[in-house]
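# Fold and geometry: a report
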Amino acid sequence: MPMTTTDIRCADATLAVVLAAGEGTRMKSSLPKVMHPVAGRPMVGHVLDAVAGAGIGRVAVVIGPGMERLARWVAPHPTAVQSERRGTAHAVLAARAEIAAGADDLLVVFGDTPLVSPGTIAGLLAERRRGAAVAVLGFRPADPSPYGRFVLDAAGGLERIVEARDATEAERRIGLCNAGLMAIDGARALDLLDRVGCDNAKGEYYLTDLVAVARGLGLPCRFAEAPEAELMGVNTRLDLARAEAAMQERLRRRAMAEGATLIAPETVFLAADTRLGRDVTVHPHVVFGPGVTVADGAEIRSFSHLEQATVGAGALVGPFARLRPGAELGEGAHVGNFVEIKAATLGAGAKANHLAYIGDASVGAGANIGAGTITCNYDGFAKYRTDIGAGAFIGSNTALVAPVTVGAGAIVGAGSVVTEPVPDDAIAIARARQTTRTGQAPAYRALRRARREGGKA
Ligand code: UD1
Ligand code: MG
């Protein structure tokens, strides 16, 4: 559902509370559930993106005790600690101070629903403003078993929500389920939340009970519906894999819509922030970690792995290339098979076509790095830089012992171990001299044969 300017203006008066205090027991993990990544970004990050995309600027995140990493991750959004996990309504009340500060709408979102879109959030807020005290987002999942069910009244209005474990057999047959997102009239939110009890199978304060509480006070409740692809909750590792698959599908479609060719999209893995330009071609089996930008017309060949890297227009990467954080390839640069680049820039048209490690380095435009070249950037204690000038030629199997510089237009002979600076336009050869003994091979073979036979006798 596209957002209108009115939605955005109203959303300014909305406070979003993101629930993220759950330990995620079913994940069997030492990491808080919402920190588990989907497309290289913690789930809670996707939720915060959707909230921001709906134009909501006021956000509070409810976290559990000991979740300092999560608090740092969501900063500058404020966090409230729910010291005991006593249910979703109890969790919302951990942000009591924020709620008491006032808002037209209180939007509750779960940190474990990473696929929700800004349009769906805006639609839910619009539904609430059609005169309801509470509006809840519903969906019809293929497998409703773990979800709360919407019980409707005779007029089709939302009467109450029953949690799966508290539901009767008949209620369990209801297909319309609670996605977890809820918009509450800001003026009534605290009063309604304070009325929720904990008389249920888990002995918890369920946010879902807010509907029955509001209806009990004669206040109308409404619901909106959205597709399952957006609303699946992640509670287990299997759910996480399913969310990943759904997110990948979405990201691949977006990349193609923006003008990239993915030859076999189902084999390409993207991060939430991967940016592919127009006429980029991605061959089968490529993995993009977070922070990758590929400019127009570049080609990424099979079995390459890229993270926190920039690829210039028309550049060629792979097959079997690895771009690590800080790799920056200029326009038309080539990085071929079994080449690893880390914290290094390759100028326009520079080439490292085979079997090389370029780390903590700058390579000037048009330079050519021969097969087997290694920047020896680490001496076991610290890292050092290698600077290679424009148009330089580094012969095969060269070890550049950093810190070291090779000037523009210089040539380094194959097999060199370069430890001294090479000036511009110089030729450096740093290897043992070859000795050649003309005509001596037959005599040498005869000697070896005689030794072997002597040994047998
Ligand atoms: C919840 C809903 C269920 C809905 C489903 C949708 C309730 C009672 N149930 O169930 O109706 O179908 O989500 O995915 O609301 N959390 C806290 N503190 C707590 C408990 C939970 O912060 O004390 C947070 C969790 O971190 C999570 C979210 O609230 O992000 C939902 O909790 P979870 O335990 O996953 O609820 P579900 O059983 O999935
Ligand atoms: Mg859940």
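None of these values were measured; they are calculated from a predicted model.

Attention shifts here to the nonpolar core. Ile-121, Leu-276, Phe-288, Val-311 and Leu-323 are the most contacted members of the largest nonpolar core, which has 96 residues in total. In terms of residue count, the dominant contributor to this core is helix α2 (residues 43–53) (6 residues). Counting 38 residues, the second-largest nonpolar core is a separate cluster that includes Val-62, Ile-161, Met-182 and Leu-210.

This next bit is on the pattern of salt bridges. Overall, the coordinates contain 18 salt bridges when judged by the stated rule. Across the salt bridge formed by Arg-128 and Asp-105, the nearest N and O atoms sit 2.7 Å from each other. In this pair, Arg-128 sits in helix α6 (residues 118–128) while Asp-105 sits in strand β6 (residues 105–110), placing the two residues 23 residues apart along the sequence. The two residues Arg-128 and Asp-105 agree in class, both being buried. One salt bridge connects Glu-127 with Arg-130, and the closest N-O pair in it is separated by 2.8 Å. Taking the relative accessible area as the measure of exposure, Glu-127 reaches 13% and is therefore buried. Judged by relative accessible area, which is 51%, Arg-130 ranks as exposed. Among the charged side chains, a network of salt bridges with common partners joins Asp-105, Arg-128 and Arg-129.

In the vicinity of ligand 1 lie 23 residues, with Gly-22, Gln-82, Thr-88, Glu-163 and Asn-178 positioned nearest. Note that an oxygen atom of ligand 1 is positioned 3.4 Å from one of the backbone N or O atoms of Arg-86. Between ligand 1 and the protein, one listed contact pairs an oxygen atom with a backbone N or O atom of Gly-87 at 3.0 Å. In the complex, the protein chains occlude 91% of the 760 Å² of accessible area that ligand 1 would expose alone. Looking at the shell around ligand 1, the elements that each hand over two or more residues are α4 (88–93) and β10 (177–185). Residue composition of the shell around ligand 1, grouped by class: 8 nonpolar, 9 polar and 6 charged.

Calculation rules
Residues numbered from 1 in each chain as written. Chains lettered and ligands numbered in written order. Predicted model: local features only at pLDDT ≥ 70, side-chain atom pairs only at ≥ 80, totals over all residues. Heavy atoms only, no water. Core = buried A, V, L, I, M, F, W, Y, C linked by side-chain atoms within 4.5 Å. Buried < 20%, exposed > 50% of the residue type's maximum accessible area, 1.4 Å probe, protein only. Helix = DSSP H or I, 4+ residues; strand = E, 2+ residues; numbered from the N terminus. Salt bridge = Lys/Arg side-chain N within 4 Å of Asp/Glu carboxyl O. Near = heavy atom within 4 Å. Polar contact = N/O pair within 3.5 Å; in protein donor to acceptor, adjacent residues only side chain to side chain. Areas by Shrake-Rupley, 256 points an atom, 1.4 Å probe, with all protein chains shown as cover. Nonpolar A, V, L, I, M, F, W, Y, C, P; charged D, E, K, R; others polar.

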